[in-house]
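Read off the chains here:
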Amino acid sequence: MTTELEETLARELNEVADGVQVPPMPSVVPADEPQPRAARPWQPLLVAATVALIVGVVALLLSEQGDHEPQPTPSPTRVTDSPDPRDTTIPVTAPTVPYVFDQRLYVDGTQVPGAWWFVQSRAGVWLAQRSDGSWWWGGPGVDTGRIDAQMDQPPVMSPNGRYVAFVDLSSGRARLTGFDTQPAGEGFGQAPIDDLPSTEDGVPIRVRAVTDDGDVIVQGTRTSRMWRAQYQDQQTVVDLTETAPDQVVLQGTSAGLVVVDGADGAVDATSTEPYLATISADGELTREDALPTYDDLDISPGGTWLVRSPAGTLGGEVPSVATLSARPVGSNDEVVLQAPEGWGFANGTWRWEDDETLVSVLQPADGAEPTDAQLVRCSVAVGACRAFAGPSAGDPTGSYSAEETLDAVVEAVVAGNRAGLVDQAVIGDGEWNQLLGFAAGGGGSGSTCRHNGGGTRDCEIVFEADRATTYYAILEPAENAYAWRITYVGIGGA
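For the structure given in this document, a descriptive report is provided here.

Rules used throughout
- Residues numbered from 1 in each chain as written.
- Predicted model: local features only at pLDDT ≥ 70, side-chain atom pairs only at ≥ 80, totals over all residues.
- Heavy atoms only, no water.
- Salt bridge = Lys/Arg side-chain N within 4 Å of Asp/Glu carboxyl O.
- Helix = DSSP H or I, 4+ residues; strand = E, 2+ residues; numbered from the N terminus.
- Buried < 20%, exposed > 50% of the residue type's maximum accessible area, 1.4 Å probe, protein only.
- Core = buried A, V, L, I, M, F, W, Y, C linked by side-chain atoms within 4.5 Å.
- Contact = heavy atoms within 4.5 Å.
- Polar contact = N/O pair within 3.5 Å; in protein donor to acceptor, adjacent residues only side chain to side chain.
- Disulfide = S-S within 2.5 Å.
- Pairing = 2+ DSSP bridges.
- Axes fitted to C-alpha atoms, helices over the stretch in contact; angles between N-to-C directions.
- Arc of directions from axis to C-beta.

Comments concerning the pattern of salt bridges
Within this structure, the stated rule accounts for 13 salt bridges. One salt bridge in this structure joins Arg 308 and Glu 334, with 3.1 Å as the shortest N-O distance. Taken as a pair, Arg 308 in strand S22 (residues 305-309) and Glu 334 in the loop between strand S24 (323-328) and strand S25 (335-338) lie far apart in primary sequence, 26 residues in all. Judged by its relative accessible area of 32%, Glu 334 falls in the partly exposed class. Note that Arg 327 and Glu 334 form a salt bridge whose closest N and O atoms lie 2.9 Å from each other.

Dropping the structure here:
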C-alpha cells in the first residue's frame, strides 16, 4: 500500500509541476538605477500555490480507505464561546459553613429547630438570629444556646471566632459586654464605661469590631472607644476620639479593620473609599491597603480575597444581585462572579467556605418565590459559579416538610387521636376543633402546598365529607418536632 501511495503521489506531483507556468526572471537592474524597496511577490506566491496543491493531493490520497473509496474532507472546526469547562470541577456538595434557607438554619448538614433570619460564622463558631429577634450561637464542643441579652444591634464576632461582643440594654442602660466562645470560655463581665449612651442623634450605639485579641471597638456618632476586654484586669478603655479622631471603624476582618475617614461625615463605604487598618494597644489606627467602595463586603478567612456588592447595588428593597465582584486583597484585578441565568445571589447570604470558595442562596431574578431550593458555589480562582439543589424542608434532619406535617395532622384528625401526633404543639386547640368539624367523621388527606411569602405555606386539604369544598391550612416554621405549625384553617372562598 505504501509503494502504491508513493507512486501515485509522485505521478500527481509531476503533473502539477508540468502544469505550473513559471514567469520569466526579471531583467537585471542597472547598477545606476535605484534598488526596489521590497522584493517582488511572484516567487512566494508561486511557492504557496504549489504547496497548496501538494497538500490537497496528500489529503485526498490519505483519506482513501482500503476499498479506495474517497472520504469527505472534514470541515474546519468553528470556535464558539462556551461555558468554561472548569465550572464542572466546582463541587455541588452541601455547604461546609452554616447557612439559612427559607428560614431554616443548617449547621454541619443538620437543620437547627426554629425559624431563622440570618447567620454568620467564623472558624466553626456561628451567630444566628431567630424570627422572634433573639440571638443564638453554637460551635465546636459547645451546645447551642441563646444569648441572654436585649440588643438593638447585632452582636459581633472576632475574625478568628474566639470572641463575641455586644451592647446589652436589658438593664435599661447600655452595657458593653461579651464572652469567649471556647468550650471553657467565660463572660467578659461589664466594660467600665458608666456614661455609654444607647443612642446618639437617634443612631444606636453599637459594637463595630472585635479583634482576635479580644479588644472591643464601640462607636456612635460621637462616642468612639476601645475596651481591652482580655487585657489584664479588663479595666482598660481607650478613647479613640483622641487616638484615632474622625476615623470610623466599619467592621473587623481577617485582613484587618475596615475604616473610613469620617471628618466629612462619612459613616459607610458607599461614597468614601475605605481602607484596611491595624490598631495598636494605644488605640492608634494605621492605614494599610486601600479597598473599593461597597454596599456589602466580606473578606476570606485567610485575608487573601474580598467579595463585594458594589456601592449602589443593594439600595432599597433589592432582594438579590446578578453579579458579585471579587479581587485579591491589595489588588485592583477584579473577577466578576455571575449568578446562573434567571437567578441572583440572595442579599446577605454569600459566605466564604475557604480562601477561594464561597456559597450563596439563589433567588429568582424576578423576585418570585423559588419553587425549588437552589444554592450556588463560586470559585474566585476559576471566576465561575455552579448551582446545585438545596435542602428540602425536613431534609436531612428527619424533621418534616410542610406537606408531611399537614398529612400527619389530617391523619390524626381523621382518627380522632390528637395524642398520636409526634408533637401536639403543631396545632392549637381552635384549629384542631375546626378540622374535626370539617372532617365530620370521614376520611381526608393533605394536598398541595405553595409558598405564601415570609416562609409560610398555603396548603389544600381534601375531606371526603364534602369533596366539592376546598379546605386549606396555613403553616409557618416553628420550634417543634415537625419544624412547622398550623396557624390557620379555613374554607376556600369563605
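Examining the nonpolar core
Val 409, Leu 421, Ile 427, Leu 435, Ile 461, Phe 463 and Ile 486 are the most contacted members of the largest nonpolar core, which has 26 residues in total. Mapped onto this core, the elements with two or more residues apiece are helix H4 (402-415), helix H5 (429-439), strand S32 (457-463), strand S33 (471-477) and strand S34 (484-491). Ranked by residue count, the leading element in this core is H4, at 7 residues. Once you skip the residues sitting within four places of it in the chain, Leu 435 turns out to touch Val 409, Val 413, Ile 427, Ile 461, Phe 463 and Val 489.

A closer look at the side chain of Ser 300
Among the secondary structure elements, Ser 300 is positioned in the loop between strand S21 (296-299) and S22. You can call Ser 300 buried: its relative accessible area is 0%. In this structure the side chain of Ser 300 is engaged in a polar contact, spanning 3.1 Å, whose partner is the side chain of Asp 355. Each residue touching Ser 300, except ones within four places of it in the same chain, is listed here: Ser 254, Trp 305, Trp 352, Asp 354 and Asp 355.

Let's talk about the state of the cysteines
Here, disulfide denotes a covalent bond that connects the sulfur atoms of two cysteines. Following the criterion strictly, the structure yields 2 disulfides and no others. Here Cys 378 connects covalently by a disulfide to Cys 385, the sulfurs 2.0 Å from one another. The chirality of the disulfide connecting Cys 378 with Cys 385 is right-handed, given an S-S dihedral of about 105°. Here Cys 378 matches Cys 385 in class, with each residue buried. Linked covalently through their sulfurs, Cys 449 and Cys 459 form a disulfide whose S-S length is 2.0 Å. One quick way to see it: the torsion about the S-S bond of Cys 449 and Cys 459 is about 115°, and its sign makes the bridge right-handed. Placement of Cys 449 in strand S31 (residues 444-451) and of Cys 459 in strand S32 is noted, with a sequence separation of 10 residues between them. Summarising the burial analysis for this pair, Cys 449 and Cys 459 share the class buried. In the protein chain, the bonded cysteines, taken in the order they occur along the sequence, pair up as 1-2, 3-4.

Digging into the sheet that holds strand S10 (residues 175-180)
Across the sheet, 3 strands lie side by side as S8-S9-S10; this open sheet has antiparallel pairing. For this open sheet the edge positions go to strand S8 (156-157) and S10, each flanked by a neighbour on one side alone. When S8 meets strand S9 (residues 163-168), the two strands line up antiparallel, connected through 2 bridges. Across the sheet, Met 157 pairs through a bridge with Val 164, a residue of S9.

Looking at the sheet that holds S31
Strand order in this open sheet of 4 strands is S31-S32-S33-S34, and the pairing throughout is antiparallel. Each of the sheet's edge strands pairs with one partner strand only, and the pair in question is S31 and S34. Neighbour to neighbour, the strand axes of the sheet diverge by 25° on average, direction disregarded. In this structure, S31 lies alongside S32, joined through 6 bridges in antiparallel fashion. By the bridge assignment for S32, Arg 450 is matched with Asp 458. Contacts from H4 reach S31, S32, S33 and S34 within the one sheet, and its direction differs from that of S31 by about 155°. Across the sheet, H5 is in contact with S32, S33 and S34; its angle to S34 comes to roughly 45°.

Re H5
Buried within H5 are the following residues: Glu 431, Trp 432, Leu 435, Phe 438 and Ala 439. The arc that holds the buried residues of H5, viewed along the axis, is 120°, so those residues lie on one side. Structural note: H5 exposes Asp 429 and Gly 437 on the side pointing more than 90 degrees away from its buried face. Where H5 is buried, its residues touch H4, S32, S33 and S34. Immediately downstream of H5, the backbone of Ala 440 shows phi near 50°, a positive value.

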